[in-house]
Amino acid sequence: MMSSKNVLMALGAVVAVMGLLAVFNLLDLGTEPVWHSWVKVVVGAAAVYVGYADKGGK
């Protein structure tokens, strides 16, 4: 079973990649504002960082 830390990092990476694909217009699947794409990149990167930096102490 995956820990919540690993799930957070995986989902953050997916969101960041989605944002990068939209910023560079690599897929023609839809449209969204450029600012929204950049927010996805920042939020995804922040999620990966939080997941990586979390010590998991209770």
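Right, let's walk through the structure included here. What you see is a predicted model; the values in this text were computed from it and never measured. (Residues numbered from 1 in each chain as written. Predicted model: local features only at pLDDT ≥ 70, side-chain atom pairs only at ≥ 80, totals over all residues. Heavy atoms only, no water.)

### Thoughts on the overall build of the protein
Thought 1: Within the protein one finds 2 helices and 0 strands.
Thought 2: Its C-alpha radius of gyration of 13 Å places the protein more than 25% over the 10 Å reference for a compact globule of 58 residues.
Thought 3: When its C-alpha atoms are laid out on the principal axes, the protein stretches across 45 × 20 × 10 Å.
Thought 4: Taken over 58 residues, the protein has a buried fraction of 16%.
Thought 5: Look at the contacts in the protein between residues 6 or more apart in sequence, and 65% of them connect residues 24 or more apart.
Thought 6: Just so you have it, the protein exposes about 4700 Å², and 72% of that area is on carbon and sulfur atoms. (Helix = DSSP H or I, 4+ residues; strand = E, 2+ residues; numbered from the N terminus. Rg over C-alpha atoms; globule rule 2.2 N^0.38 Å. Buried < 20%, exposed > 50% of the residue type's maximum accessible area, 1.4 Å probe, protein only. Contact = heavy atoms within 4.5 Å. Areas by Shrake-Rupley, 256 points an atom, 1.4 Å probe, with all protein chains shown as cover.)

### Brief notes about the pattern of salt bridges
Thought 1: The final tally for this structure, using the stated rule, is 1 salt bridge.
Thought 2: Here E32 ties to K40 by a salt bridge, and the two come within 3.4 Å at their closest N and O atoms.
Thought 3: Assessed through its relative accessible area of 27%, E32 is described here as partly exposed. (Salt bridge = Lys/Arg side-chain N within 4 Å of Asp/Glu carboxyl O.)

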